[in-house]
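# Structural characterization, general
In case you want the letters, here they are:
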Amino acid sequence: PMSNNAWDSVAEAYAERVEPFTSQFAAPLLDAACEALGGVALTGAHVLDVAAGSGAVALEALRRGAKVTATDGSGEMLRVASERASAASHELATRVAEGTALPLDLAGGSLLATSGFGVIFFPDVAAGIAELSRCVRPGGAIAFSAWGSAEETAAFQLIPTVARETLGEQATAPPA
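Presented here is an overview of the structure given in this document. (Residues numbered from 1 in each chain as written. Predicted model: local features only at pLDDT ≥ 70, side-chain atom pairs only at ≥ 80, totals over all residues. Heavy atoms only, no water.)

Right, let's talk about the pattern of salt bridges for a bit. Taken as a whole, this structure holds nine salt bridges when the rule is applied. Put simply, E12 and R79 hold a salt bridge, and the shortest N to O gap is 2.7 Å. Remark: R79 occurs in helix 4 (residues 75–87) and E12 occurs in helix 1 (residues 4–22); sequence separation between them is 67 residues. Exposure remark for E12: the relative accessible area of 38% places this residue in the partly exposed category. With a shortest N-O distance of 2.8 Å, R79 and E83 are connected by a salt bridge. Of this pair, R79 and E83 both sit in helix 4, four residues apart, which is roughly one turn of the helix. In this structure E83 comes out as partly exposed when scored by relative accessible area, which is 45%. (Salt bridge = Lys/Arg side-chain N within 4 Å of Asp/Glu carboxyl O. Helix = DSSP H or I, 4+ residues; strand = E, 2+ residues; numbered from the N terminus. Buried < 20%, exposed > 50% of the residue type's maximum accessible area, 1.4 Å probe, protein only.)

One can find A97 in the loop between strand 3 (93–96) and strand 4 (110–116). When the C-alpha atoms of A97 and G75 are compared, they prove to be 8.9 Å apart, with 22 residues separating the residues in sequence. Not counting chain neighbours up to four residues away, the residues in contact with A97 comprise T71, D72, G73, L102 and P103. (Contact = heavy atoms within 4.5 Å.)

The next point concerns the nonpolar core. Of all hydrophobic cores here, the largest spans 26 residues; its most connected members are L42, V47, V68, L92 and L112. When residues of this core are traced back to their parent elements, those giving at least two are helix 2 (26–36), helix 3 (56–63), strand 2 (67–72), helix 4, strand 4 and strand 5 (136–145). One finds V50, L106, I129 and C135 within the second-largest nonpolar core, a separate group that totals 14 residues. (Core = buried A, V, L, I, M, F, W, Y, C linked by side-chain atoms within 4.5 Å.)

Below, the structure written as structure tokens:
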């Protein structure tokens, strides 16, 4: 996996070149999560966006009225996300933290924990999914996106398998 220094060095380029593509998945990710939570709106709810990168999911949650904390191992990625939120007149709380070892004070505080294409970069997917789960309050949910379907990308078959093994019956797949 890329080091945090490497992510720091590409933060601006990522926001300019990659996020225009990945950001189109932020709204469907949040839509599926809200539906899984019984059709709730995010207005006023706390959302934790893990491995937030330059902020695609965090910004979409802010647009929906959520209070968002974005975490990422790269301080530069979070700086870019924060600047983008400010430019859109939103306040984004940020914390430099690895997705597989989130700060203890984040435990149980969120209705929703998300990771838009971040889980796939965790060195230990199971630990990352467990951390997202630890950070949601009872009745909350986690939602994450990954590249390709299991049929298209054999390596990504690990993610739903680990999610089911880690979360048991709580793990449900979104509609295809």
